[in-house]
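Here is what each chain is made of, one letter per residue.
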Amino acid sequence: MSTAAAIGFLAGGKAPDYGTLLGRLRWRRAVGAGAQSEMRPGDSALSAFSAADRWTVVLDPASLPVGGRGRFPDIRPGASAAVVRAPLAGPGGGVAHTLRELEAGAESARPGEPEDAAGFPALAFRTADFPPAPGETVEEYLRRVAEARERPANGSFLTWAPDDPSQRERPELSARFPRDVRRLVDVGCGSGATGAALKRRAPGLSVTGIERDPPAAGRARGVLDRVLVGGAEEILAGLAAAGERFDAFLFGDVLEHTEDPIAILAAARSAAAAQALLVASVPNVGHLSLVRDLVLGRFDPVPAGLADASHLRWFARPFLGSALEEAGWSPQSIDGISGAPPPDAESFLASLAGWPGLDPAALLVYQWIAVARAA
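Reading guide: rules and limits
- Residues numbered from 1 in each chain as written.
- Predicted model: local features only at pLDDT ≥ 70, side-chain atom pairs only at ≥ 80, totals over all residues.
- Heavy atoms only, no water.
- Helix = DSSP H or I, 4+ residues; strand = E, 2+ residues; numbered from the N terminus.
- Buried < 20%, exposed > 50% of the residue type's maximum accessible area, 1.4 Å probe, protein only.
- Contact = heavy atoms within 4.5 Å.
- Areas by Shrake-Rupley, 256 points an atom, 1.4 Å probe, with all protein chains shown as cover.
- Lys, Arg positive; Asp, Glu negative; His and termini not counted.
- Charge placed at Lys NZ, Arg CZ, Asp CG, Glu CD.
- Pairing = 2+ DSSP bridges.
- Right-handed = clockwise from strand over helix to strand, strands pointing away.
- Core = buried A, V, L, I, M, F, W, Y, C linked by side-chain atoms within 4.5 Å.
- Axes fitted to C-alpha atoms, helices over the stretch in contact; angles between N-to-C directions.
- Parallel < 35°, antiparallel > 145°, perpendicular 65-115°, else oblique.
- Left-handed = near helix turned anticlockwise from the far one by under 90°.
- Nonpolar A, V, L, I, M, F, W, Y, C, P; charged D, E, K, R; others polar.

Caption draft 1: Up close: the overall build of the chain. Scanning the chain from N- to C-terminus turns up 13 helices and 15 strands. Over its C-alpha atoms, taken along the principal directions, the chain stretches across nearly 70 × 55 × 30 Å. Looking at the 375 residues of the chain, the share that counts as buried comes to 47%. In the chain, once contacts between residues fewer than 6 apart in sequence are set aside, the share between residues at least 24 apart is 78%. When the accessible surface of the chain is summed, it comes to about 16,800 Å², and 54% of that surface belongs to carbon and sulfur atoms. Distance between charge centroids for the chain: 2 Å, based on 38 positive and 44 negative side chains.

Following this line, the structure appears as structure tokens:
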């Protein structure tokens, strides 16, 4: 017996972590689904979609709904609703950095639509409009449904989904390496774009990437000299034990994801040549958007950004410097990078005027970037 509305999630290659489960809860609430189903691309569509009359299927597990409040999209018979991406717009101007700010800016967001169906975070449709064919898989069925997509008439179903920053160079990090570095370790290299950019500008540079995500490591192998898959601390210790020494290390948004950042920095120090250079970036736990959310009683883990659900450690400027020193590195500089301005920053800063010891400049720092030498 079918239910009126249900939500489906395409299963990935691993069990969902708590951040993914929170995202699924937000999807269920936004859609108002009475049932939930986890689907695999190769499952029978006839079996998978027989349980409900209306479906919302989440294609991107990292996406979050920022619009929709229990309403099924208004779509024509025979069409599916492409749930489109909302820009990172915040209320009153600026860029949203937290879920609360995204929600507050959703009403004025102008959704963007990708060129192909693969770019959609989710689809909504009625099963009566798309009867599953015998032998059709979930993947084949959703491709057919996506081809009949239209924008929801009520405009209420918008989502935010993060991109992969490791697929593009991060010049705020790469610019801190001199051209004479010869052996660099990119810890948590992701897809390897920053290391590849450094190689293009520094002939003779050899870049070893360390990455725990196999698909990302596979992409990095196409642009770096060597990519090792696994935990950074163990791999760095193994390189040091094998007698390998490196004159440069990059930790681009990595330390906050580790259980013991000091131990990993120390492992890098054990594989460092004399006067080796280390560049590390971390998100600022004291950023205005996080502070304001906490003042308002909100903290929402999300798939990426300042409140990334996979963050295990949190950094302000003093702790970053202390972690480096404790691990055997001598900080040369720790600079704050503001990034995109948060929404309504001026009014919030004005409300804090007169607060004893307030550092308003630090509230606008999105990331701290440290440059250190082997002590």
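Caption draft 2: Region of the structure containing the pairing of strand S10 (residues 206–211). The buried fraction of S10 is high, at five of six residues. Here five bridges tie strand S9 (residues 183–187) to S10, and the two strands are oriented parallel to one another. Residue pairing in the sheet places Arg183 in a bridge with Ser206 of S10. In the classification by handedness, the crossover that spans S9, the intervening helix H6 (residues 193–201) and the parallel S10 is right-handed. In this structure, S10 lies alongside strand S11 (residues 226–229), joined through four bridges in parallel fashion. Residue pairing for S11: Glu211 is matched across the bridge by Val229. Where the polypeptide runs from S10 across helix H7 (residues 214–221) and back to S11, its parallel neighbour, the crossover connection is right-handed.

Caption draft 3: Helix H10 (residues 288–295), seen in detail. Buried within H10 we find Leu288, Ser289, Leu290, Arg292 and Asp293. Those residues of H10 that are buried lie in contact with helix H3 (99–105), helix H12 (345–351) and helix H13 (360–363). Count one or two residues on from H10 and you reach Gly297, which has phi positive near 80°.

Caption draft 4: The nonpolar core, seen in detail. Membership of the largest hydrophobic core comes to 36 residues, with the highest contact counts inside it found for Leu236, Phe249, Phe251, Leu265, Leu320 and Trp329. Elements with a minimum of two residues in this core: S9, helix H8 (232–241), strand S12 (246–252), helix H9 (261–270), strand S13 (272–283), helix H11 (317–326), strand S14 (329–337) and strand S15 (367–374). In terms of nonpolar packing, the next biggest core, distinct from the first, is built from 19 residues, Cys189, Leu198, Ala220 and Val279 among them.

Caption draft 5: Just the sheet that holds S14, in detail. Read from one edge of the open sheet, seven strands run S11-S10-S9-S12-S13-S15-S14, paired in mixed fashion. Edge strands, defined here as strands with exactly one partner in the open sheet, are S11 and S14. Averaged over all pairs of adjacent strands, the angle between strand axes in this sheet comes to 15°, irrespective of strand direction. Against the sheet, H11 makes contact with S13, S14 and S15, and its axis sits at roughly 160° relative to S14, the strand it touches most.

Caption draft 6: Structural detail: the side chain of Arg24. Relative to the elements of secondary structure, Arg24 occurs in helix H1 (residues 18–31). Looking at Arg24, the relative accessible area reads 8%, which means it is buried. The residues contacting Arg24, other than those within four sequence positions of it, are Phe9, Pro16, Gln36 and Glu38.

Caption draft 7: Structural detail: the packing of H8 against H9. Two elements in contact, H8 and H9, have axes whose closest approach is 8 Å; the angle formed by their N-to-C orientations is 20°. One element, H8, and the other, H9, form an angle in the roughly parallel class. Handedness of the H8/H9 crossing: left-handed. Contact with H8, carried on its side by Ala232, Glu233, Leu236, Ala237 and Ala240, involves Ala263, Ile264, Ala267, Ala268 and Ser270 of H9 and no other residues of that element. Of the residues that constitute the contact of H8 with H9, the class distribution is eight nonpolar, one polar and one charged.

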